[in-house]
Amino acid sequence: MTVLAAPTLPGRLAISGPQPGVHVIAVHGALDPVVSTRLVRLVDARIRLREVGGASTRHIVLDLTAVDSATLPAVETLARAARTAEQHGLGLHLVGFDAVAGRLPAAARQLVGRMSRYPDLGSALRSL
């Protein structure tokens, strides 16, 4: 008899705008390639809205405090999103991800180390 593990549910996303110019995307659960691709699409949409004058976003904050696991491909995708955001004049910031990042392979930890990070959402919002 073969026992199959229950599938891992992809992370859930919640979007808010707690202050002018700041767009927060909170992730709950696993940060895997599917979720990171969804995040990139949201970042791209914010960039497009800003370019056509439909949004005044200056910073995108990824609140990852409720993320319980992550993969190297997901972190690579986030790093590409951060570079794209920067090229378009937006800041992309990670919040509450250091504990999970510490359990990742060295390559992923290096990528995270190059990104803007805050320990919690309050610190990020006060700083931005």
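Residues numbered from 1 in each chain as written. Predicted model: local features only at pLDDT ≥ 70, side-chain atom pairs only at ≥ 80, totals over all residues. Heavy atoms only, no water.

## Considerations on the nonpolar core
Counting 31 residues, the largest nonpolar core has Leu31, Leu62, Leu92 and Phe97 as the members making the most contacts within it. No other element matches helix 2 (residues 72-87), which puts seven residues into this core. Setting aside residues no more than four positions away along its own chain, Leu62 makes contact with Ile25, Leu39, Leu78, Leu92, His93, Leu94 and Val95. In this structure, Val22, Val24, Val61 and Val95 belong to the second largest nonpolar core, which totals eight residues. (Core = buried A, V, L, I, M, F, W, Y, C linked by side-chain atoms within 4.5 Å. Buried < 20%, exposed > 50% of the residue type's maximum accessible area, 1.4 Å probe, protein only. Helix = DSSP H or I, 4+ residues; strand = E, 2+ residues; numbered from the N terminus. Contact = heavy atoms within 4.5 Å.)

## Quick word on the pairing of strand 2 (residues 22-31)
Taking burial as the measure, the ten residues of strand 2 include nine buried ones, the bulk of the element. From the end of strand 1 (residues 12-19) to the start of strand 2, which pair antiparallel, there are two residues, and Gly21 there has a positive phi angle of about 85°. Across nine bridges, the pairing between strand 2 and strand 3 (residues 59-70) is parallel. The residue of strand 3 that forms the bridge with His23 is Ile60. (Pairing = 2+ DSSP bridges.)

## Regarding the packing of helix 1 (residues 33-51) against helix 2
Where helix 1 contacts helix 2, the two axes come as close as 8 Å, and the packing angle between them is 10°. When the interaxial angle is binned, helix 1 and helix 2 end up roughly parallel. Two secondary-structure elements touch here, helix 1 through Pro33, Ser36, Thr37, Leu39, Val40, Val43, Asp44 and Ile47 and helix 2 through Pro73, Ala74, Thr77, Leu78, Ala81, Thr84 and Ala85. When grouped by side-chain class, the residues that make up the contact of helix 1 with helix 2 number ten nonpolar, four polar and one charged. (Axes fitted to C-alpha atoms, helices over the stretch in contact; angles between N-to-C directions. Parallel < 35°, antiparallel > 145°, perpendicular 65-115°, else oblique. Nonpolar A, V, L, I, M, F, W, Y, C, P; charged D, E, K, R; others polar.)

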